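# Survey of secondary and tertiary structure
Single-letter residue listing:
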Amino acid sequence: MLELQGVTAGYERRAPAFRDATLTVAPGEAVGLLGPSGCGKSTLARVAALLHRPDAGRVRLDGTEIRAWRHRAPRALRTSIGVVFQQPRLSADPRLRLADLIAEPLRATGRRALIPERLAALTPSVGLTGDLLERRPHEVSDGQLQRACLARALVLRPRWLICDEMTAMLDASTTAALVGAVEAYRAETGAGLLAVGHDRVLLERWCDRTVEWADCLAAGAPGENAA
């Protein structure tokens, strides 16, 4: 279970992006978090991904309460989450070939021996061909780069996947392909999904349930869902 209870977070302690947010995702469940741009939902997604320490509240992952964040979080928890961000060019090292970009988490965790096998399995599933793998980010389209970023998020075979506006900058056909790749991975592994976005139609078609941002905050109101 991925549980966020009464979370307050932001980038300035005196002016947090939001207060008292509560959200849960069960194993194997796909939950959509729907809200307008700038409401704070991406910050909550970063908290869920162990990339941003909240100012208050509790985060539990698979029954373990999170007490450290980013690289200080236990590796087993950190690597159990795959994340895809909205803007692939901001999350990709421009010096790396796409093959190296995808394999980066395997190298970082000492699993170089798995690189050929994982690349061979993942790249067709996200729609990347061998010639694209040899290119660098500036030599491919946003859609092709986002396919590589999705493959990177899946390469460690995470139990949880967080997609933060993953398809917001993409056309309809690429959106369908990436959602299809995520769902194929989930069907194979039983991974849970938190999909953050502002496209109601997409989230309601994609996810088992969709949570409105306002309801996420209301759920953390005093007296409700007490920890």
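Residues numbered from 1 in each chain as written. Predicted model: local features only at pLDDT ≥ 70, side-chain atom pairs only at ≥ 80, totals over all residues. Heavy atoms only, no water.

What follows covers the packing of aromatic side chains. Applying the stated criterion across every chain, the model contains 1 aromatic pair. Note on Phe 18 and Trp 213: the rings are 5.4 Å apart at their centroids and 90 degrees apart in plane angle, and the pair reads as edge-to-face. A residue pair is termed long-range when its members are at least 10 positions apart, and Phe 18 in strand E2 (residues 18-25) and Trp 213 in helix H9 (residues 213-218) qualify at 195 residues. Take Phe 18: its relative accessible area is 4%, and that puts it in the buried class. (Phe/Tyr/Trp six-rings, centres within 6.5 Å; stacked < 30°, edge-to-face > 60°. Helix = DSSP H or I, 4+ residues; strand = E, 2+ residues; numbered from the N terminus. Buried < 20%, exposed > 50% of the residue type's maximum accessible area, 1.4 Å probe, protein only.)

This brings us to the sheet that holds strand E7 (residues 160-164). Taken in spatial order, the 5 strands of this open sheet run E6-E7-E8-E3-E9, and their pairing is parallel. The two strands at the open ends of the sheet, each matched to only one other strand, are strand E6 (81-84) and strand E9 (209-212). Strand after strand, the sheet turns through a mean of 15 degrees between neighbouring axes, direction not considered. Examined bridge by bridge, E7 and strand E8 (residues 192-197) share 5 bridges and lie parallel to one another. Residue pairing for E8: Leu 161 is matched across the bridge by Leu 193. Against the sheet, helix H6 (residues 142-154) engages E6 and E7, with an angle of about 170 degrees to E6. Across the sheet, helix H7 (residues 172-189) lies against strand E3 (30-34), E7 and E8, angled at about 160 degrees from E8, the strand it touches most. (Pairing = 2+ DSSP bridges. Axes fitted to C-alpha atoms, helices over the stretch in contact; angles between N-to-C directions. Contact = heavy atoms within 4.5 Å.)

Here 4 strands make up an open sheet; going across it, the order is E2-E1-E4-E5 and the pairing antiparallel. Where the open sheet ends on each side, the last strands, each with one partner, are E2 and strand E5 (64-65). The pairing of strand E1 (residues 2-9) with strand E4 (residues 56-61) spans 5 bridges and is antiparallel. What sits directly across from Leu 2, in E4, is Leu 61.

Within the sequence span of helix H4 (residues 115-125), burial applies to Ile 115, Arg 118, Leu 119, Leu 122 and Thr 123. Looking down the long axis of H4, one finds its buried residues gathered within 110 degrees of arc, a one-sided arrangement. For H4, exposure combined with an orientation more than 90 degrees from the buried face picks out Pro 116, Glu 117, Ala 120, Ala 121 and Pro 124. Of the surrounding elements, those touching the buried residues of H4 are helix H3 (98-108), helix H5 (130-133) and H6. Directly after H4, the chain includes Gly 127, whose backbone phi takes a positive value near 85 degrees. (Arc of directions from axis to C-beta.)

Across the two faces of E6 the burial is the same, with Ile 81 and Val 83 and Gly 82 and Val 84 all buried. Strand direction decides the pairing type here: E6 and E7, joined by 4 bridges, are parallel. The partner of Gly 82 across the bridge, within E7, is Leu 161.

Judged by how many residues are buried, E3 sits mostly within the fold: 5 of 5 residues are covered. Burial along E3 is two-sided: the face carrying Ala 30, Gly 32 and Leu 34 and the face carrying Val 31 and Leu 33 are both buried. As judged from the 5 bridges shared by E3 and E8, these two strands associate in the parallel manner. The residue bridging Ala 30 from the neighbouring strand is Leu 193, located in E8.

This part covers the confidence of the model for the protein chain. When pLDDT is averaged across the protein chain, the result is 93; 96% of the residues are at 70 or more. For the protein chain, H9 is the element with the lowest average pLDDT, namely 90, and E7 is the one with the highest, namely 98. Here residues 221-227 scores under 50 on pLDDT; set against residues more than four positions off or in separate chains, the count is 5 contacts. (pLDDT = per-residue confidence, 0-100.)

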